[in-house]
Structures are given as C-alpha cells and as structure tokens.
Amino acid sequence: MHAITLAEPDDFDGWRDAARSLAAAGVAPEDVVWQGAGSPTDLFAASADTTVPTGPAFAVPRAFMELAKKVVLHRDPERFALLYTLLARIRVQPGAIEDHADPLLRRLEHLAQEVRKDIHKMRAFLRFREVEEGGVARFVAWYEPEHHILRTNAGFFLDRFASMRWSILTPELSIHWDGETLSEGPGAAKSDAPEGDPIEEVWKTYYASIFNPARVKIGAMLKEMPKKYWKNMPETALVPGLIAGAQARESGMMAVARTKQASEAGGNIAASWAALRDEAAGCTRCPLYKPATQTVFGGGPIDASLMFVGEQPGDQEDLAGKPFVGPAGQVFEKALAAAGIERSGVYVTNAVKHFKFEPRGKRRIHAKPDAGEIDACRWWIEQEQLLVRPQVTVALGATAARSLFGRVVTIGKERGRALTLPGGGEAWITVHPSYLLRIPDRAQADAEYARFVEDLQRVGERVA
C-alpha cells in the first residue's frame, strides 16, 4: 500500500508527478491512498509506504491532462483516486480516454464540468468593494467557491485588474495583488471584507438604468445566477423591485414608451458590445496575438436569434478584420441563402479571435488551434453570448464545439439534434464550411453541401 499526501487540495503538479511514477511502476489503483492537504487522515494510510516507486516513462494523451487539471480542483474526496484509476487504464489502453460511454470517464467529465461552471460563476458574480489602506485604494472581494478554484482563477483577475491593488478573500485561501506581486494568505471570514462603498451606489444606479425586463426571464436568471450569490452582488438587491415595477408598468405602458425603452436598452447593449470588441482588440491571453495582424471579433445584429461560431479567422479575415469573408465565408453565405436565412440577420464569430498559421514562403497556411488557445478565448465567446443572447447557437466544426461545450465533441455523434449548452441555451453542431472546400470528389462535395444546407434549414426553423 502506498500513501501519497499532496501539498494542497488543488496540487495538480504533485498529483501528476506521483501518479505518473506509480502508473509507470505498475502500481494498481487499489494499492494507492491519496490525500490532499487538509483531508481527514485515512486509517489505512498510517502504516502505508510513503515512497513513490519509479518505472519507464509513458505518453499521456493531452485530453487526459486537460481533464485532470479541472477534476483536481473539485471537492470530491475521491477525485485523485478516480483520476489515477483512469490513468492506469490509459497506460495499457491509450484509447480509453475516448470511450465516453465508460462510467468512470463520464463521472470525471461531470466533475470537470462542475468545476468549469464554478470558475465561470466566480468570474461573473464576484464583486470588488473599495477600501482605503494607508491612503491608497485597495479593492476587496469576498467569495465562497464550491470547489478549489481560487488559484486557477487568480490569473483571470490579474489580467482584468492589473492596474488595481486587490484582494480576494475566501474561507480557505486569500489572494492578494499589490500591483507587482501576487501572493497568498490564509482563509478569511466574510466580516473581513467591507460591506459597501460609494462605487457600489454608482453601480446600482447603472444597473437600474440598463435593466430591461423584456430580456429577463426569471427562471433562466435563477439558473445562471443562483440566489446564494446575490448577497455578494449589490445590484441584485434591486432585482425584486425592478421586476415588480416592470410588471406593474407593463399593463399600462403605451406602445411609444415600450419602443423608447427598447431603443435605450438596445443602445446600452450595443455600447457594451462595442466596449467588449475594443477590449478584445488588445487581447494577449495567448501567444497567437503576436504574429496575427489583428483581433477578428464577431459581427452582426446584437439581438440576433441565431449565432454561428466558427473556428478561427483565416488569412483574408485576418487582413480584413471581419469573420467569414474568405472562401469558407462565401460557401457559408451561399448555404445560408439556400436555407432561407438572411446573412445580415445572424451574428457570426469565431472560437479563436486571432489567425493561427504556419508561414510557407509568402503564404500563410492555416494551423489548427490547440486546447489551450481555445480555452484562452472562451471568455470572449461567453461575453458575446451574454450580450446577444441568441435563441440558438450553431457550432461550425469541432473547434467551435470544443469552445462552446468546454470538452471534445464528436460532430458525427452530435450532429443533427438540439443540445443544451453548459450555461443554458440551445446549440446545434455541424461541419465548418472549409470542410466542404477540402473534399476532392465532386459528388461527395455536393452531397455534403446539401447536408450542410439541411442543417442550416433545421436551425432556421427553430427560430422561425
């Protein structure tokens, strides 16, 4: 029996190093006891061997490593053991990571999905409040994550608020940024965080001014923003009154007033979208921005019922700064017309906002984005969806599906049926138009094009 104690509850590096050595040495999963920092002591581990045996190195699929990075952050006490069981299986059967019918893999994917949701909720619902510290402003936030996500999420807040001095307090751990150094501290209590500040009143005023009951569905709001997060968000104190007031006004509101309100709300949403686009123009979340000409953001009506998500901009898109204007874009527009969908009425964007390519002489050859690059750009897609709120989102190709669902998706398996996005909303998956351009056989290309048009017709019917 081998007992492995990790330095922290989210110690991925420690788990990876120990797990690889144990698996390489052929140690069976049932012969390993895993313990994270702060875990209750296992009685059977008291007399176990704490040394880690070594064996010959072996290749581990990237998909497993991406899965493990998320699962390790979960609070499930069995997470380390479950991951090691799958790793030991992969050592003798590398294809096990693709068997999505396997109960073990499905359980791990479920844990990873819960972690991703928790990461997203922290980014959406955390609120900073200003305090004065030695004559200098510091911004402090209190948050209670469901899983061990604070360290993983620290980079996001560092990118967003690099010019601020801030602290994020949680019951188990605190993170502090002083403008130069990111440091950790012990857990805190909610009483350690300030209750409110003048900025909070400004934020409430702003929120009340943009609140549009026509775009708020209470069931969907509670699903996206459960009430347990409301206590940390100043604007939510206004929600019941805003909803009640909106309902009372609705019965007596004249058509002119409704039109004016919709126009004002649309203007605020458009302004938010423009601000998001401008922010994306300076995106440095992954190295792709360095060789690319520019960020290629999405485009189309901000209130579109249909959103199409492609893979990444191509050579012509990179130069023009607009999505789907190259050869694949021409196929896309032709198919939309054949399906009876107005190109001007849909919102079109890409999973990755910068052109990834390999230079060959004077030409720039498309290169497929990797998982890290897709994940780095997911924040932009999420914000576009929050603003546009499409009735249906269509993933064009595997990269787009990976971005929307946060996992590898098989097009052949999921194509042709309505799916539910992790954050809510309906999604469909089909091929990318560039796939149709790469089919050498004309008869097959025509058949695949016809099938692509049928896919577009189905989604068009969903929003008709």
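Going by the structure above, here's the rest.
Fair warning: this is a prediction, and the values are worked out from it, not measured in the lab.

## Notes on the overall build of the protein chain
Next, step 1: In terms of helices and strands, the protein chain carries 16 helices and 14 strands.
Next, step 2: Looking at the protein chain as a whole, 47% of its 464 residues are labelled buried.
Next, step 3: Here the analysis covers contacts within the protein chain between residues at least 6 apart in sequence; of these, 71% occur between residues at least 24 apart.
Next, step 4: Carbon together with sulfur atoms contributes 53% to the accessible area of the protein chain, which is approximately 23000 Å² in total.

## Overview of empty space enclosed by the protein
Next, step 1: For the coordinates displayed, the defined rule picks out one cavity of 30 Å³ or more.
Next, step 2: What the largest cavity holds in volume is close to 40 Å³.
Next, step 3: Every residue lining the largest cavity is listed: Val394, Arg415, Gly416, Trp428, Ile429, Thr430, Asp455 and Val459.
Next, step 4: Taken together, the elements giving at least two residues each to the lining of the largest cavity come down to β14 (426-430) and α16 (442-463).
Next, step 5: With three residues, β14 is the single largest residue contributor to the lining of the largest cavity.
Next, step 6: Tallied by class, residues from the lining of the largest cavity come to four nonpolar, two polar and two charged.

## Description of the sheet that holds strand β13 (residues 419-420)
Next, step 1: One open sheet holds the five strands; their spatial order is β9-β8-β12-β14-β13, and the pairing between them is mixed. Only two strands of the sheet have a single neighbouring strand rather than two, namely β9 (347-350) and β13.
Next, step 2: Pairing between β13 and β14: two bridges, direction antiparallel. Residue pairing in the sheet places Leu419 in a bridge with Ala427 of β14.
Next, step 3: On the sheet, helix α12 (residues 371-388) packs against β8 (306-310), β9 and β12 (392-396) and is oriented at approximately 170° with respect to β9.
Next, step 4: Each of β8, β12 and β14 is contacted by α16, which is oriented at about 170° to β14, the strand it contacts most.

## A few points about the environment of Thr420
Next, step 1: Relative to the elements of secondary structure, Thr420 occurs in strand β13.
Next, step 2: Owing to a relative accessible area of 56%, Thr420 belongs among the exposed residues under this scheme.
Next, step 3: C-alpha of Thr420 to C-alpha of Thr393: the two residues are 27 residues apart in sequence and 9.8 Å apart in space.
Next, step 4: Beyond its immediate sequence surroundings of up to four residues, Thr420 is in contact with Phe405 and Gly425.

## A look at the side chain of Thr170
Next, step 1: Along the chain, the position of Thr170 falls in the loop between β5 (166-169) and β6 (173-177).
Next, step 2: Within the local environment of Thr170, its side chain forms a polar contact with the backbone oxygen of Leu173, the two atoms lying 2.5 Å apart.
Next, step 3: Ignoring sequence-local partners within four residues, the contact set of Thr170 consists of Trp142, Tyr143, Pro145, Leu150, Gly187 and Ala188.

## Thoughts on the environment of Val408
Next, step 1: If you trace the backbone, Val408 turns up in the loop between α13 (398-405) and α14 (411-414).
Next, step 2: With 310 residues separating them along the chain, Val408 and Glu98 place their C-alpha atoms 9.3 Å apart.

## Examining α12
Next, step 1: With 18 residues, α12 extends 25 Å from end C-alpha to end C-alpha; this agrees with the ideal 26 Å at 1.5 Å per step.
Next, step 2: Capping of α12 at its N-terminal end is provided by Asp370; its side-chain oxygen lies 3.1 Å from the backbone amide nitrogen of Gly372.

## Remarks on the nonpolar core
Next, step 1: Counting residues in hydrophobic clusters, the biggest one holds 72 residues, and the most contacted among them are Trp166 and Phe308.
Next, step 2: Counting residues per element, this core draws most heavily on α12, which supplies six residues.
Next, step 3: Once residues within four sequence positions are removed from consideration, Phe308 is found in contact with Phe332, Leu336, Val346, Tyr347, Val348, Thr349, Val394, Leu396 and Leu456.
Next, step 4: By size, the runner-up hydrophobic cluster in this structure holds 34 residues, among which are Leu6, Val60, Ile97 and Leu105.

## Section: the pairing of β12
Next, step 1: Within β12, five of the five residues are buried, which leaves it mostly tucked inside the rest of the structure.
Next, step 2: Residues of β12 alternate between two faces, with Val392, Val394 and Leu396 on one and Thr393 and Ala395 on the opposite face, all of them buried.
Next, step 3: Pairing analysis gives four bridges linking β8 to β12, with the strands arranged parallel. Considered in β12, the bridge of Met307 is made with Thr393.

## A short note on the pattern of salt bridges
Next, step 1: Counted according to the given criterion, the structure contains 26 salt bridges.
Next, step 2: A salt bridge links Glu184 to Arg151, with the nearest nitrogen and oxygen atoms 2.7 Å apart. A residue pair is termed long-range when its members are at least 10 positions apart, and Glu184 in strand β7 (residues 182-186) and Arg151 in helix α5 (residues 150-160) qualify at 33 residues.

## Things to note about the sheet that holds β6
Next, step 1: With mixed pairing, the five strands of this open sheet are ordered in space as β3-β4-β5-β6-β7. Two strands close off the open sheet at either side, each with one partner strand: β3 (129-133) and β7. Averaged over neighbouring strand pairs, the angle between their axes works out to 25° when direction is ignored.
Next, step 2: Both β5 and β6 contribute to a ladder of four bridges, which runs antiparallel. Paired with Ile168 across the two strands is Ile175, which belongs to β6.

## Here we look at the packing of aromatic side chains
Aromatic ring pairs are reported here in terms of the distance separating the ring centres and the angle at which the planes meet.
Next, step 1: Counting across every chain of the model gives 15 aromatic pairs.
Next, step 2: Where Phe12 meets Trp15, the ring centres are 6.5 Å apart and the plane angle is 35°; that geometry is what we call tilted. Of the two residues, Phe12 and Trp15 both sit in helix α1 (residues 12-24), three residues apart, roughly one turn of that helix.
Next, step 3: In this structure Phe12 comes out as buried when scored by relative accessible area, which is 11%.
Next, step 4: Residues Trp34 and Tyr84 carry aromatic rings whose centres are separated by 5.8 Å and whose planes lie at 55° to one another, so their mutual orientation is tilted. One end of the pair, Trp34, is in strand β2 (residues 32-35); the other, Tyr84, is in helix α3 (residues 79-92), and 50 residues separate them in sequence.
Next, step 5: Given the relative accessible area of 10%, Trp34 is considered buried.
Next, step 6: Through pairs of rings, three or more aromatic residues link up here, namely Phe128, Phe156, Phe157, Phe161, Trp166, Trp379 and Trp380.
Next, step 7: Over the ring of Tyr449 we find Lys334, and its NZ or CZ is 5.2 Å from the ring centre.
Next, step 8: Taking the ring centre of Phe297 as reference, the NZ or CZ of Lys353 above it sits at 5.2 Å.

Calculation criteria
Residues numbered from 1 in each chain as written. Predicted model: local features only at pLDDT ≥ 70, side-chain atom pairs only at ≥ 80, totals over all residues. Heavy atoms only, no water. Helix = DSSP H or I, 4+ residues; strand = E, 2+ residues; numbered from the N terminus. Buried < 20%, exposed > 50% of the residue type's maximum accessible area, 1.4 Å probe, protein only. Contact = heavy atoms within 4.5 Å. Areas by Shrake-Rupley, 256 points an atom, 1.4 Å probe, with all protein chains shown as cover. 1 Å grid on protein atoms, 1.4 Å probe; cavity = no way out; pocket = protein on both sides within 12 Å on 5 of 7 lines; lining within 4 Å. Points joined across faces, edges and corners; volume = space filled by probe spheres on them. Nonpolar A, V, L, I, M, F, W, Y, C, P; charged D, E, K, R; others polar. Pairing = 2+ DSSP bridges. Axes fitted to C-alpha atoms, helices over the stretch in contact; angles between N-to-C directions. Polar contact = N/O pair within 3.5 Å; in protein donor to acceptor, adjacent residues only side chain to side chain. Expected span 1.5 Å × (residues − 1). Core = buried A, V, L, I, M, F, W, Y, C linked by side-chain atoms within 4.5 Å. Salt bridge = Lys/Arg side-chain N within 4 Å of Asp/Glu carboxyl O. Phe/Tyr/Trp six-rings, centres within 6.5 Å; stacked < 30°, edge-to-face > 60°. Lys NZ or Arg CZ within 6 Å of the ring centre and 35° of its normal.

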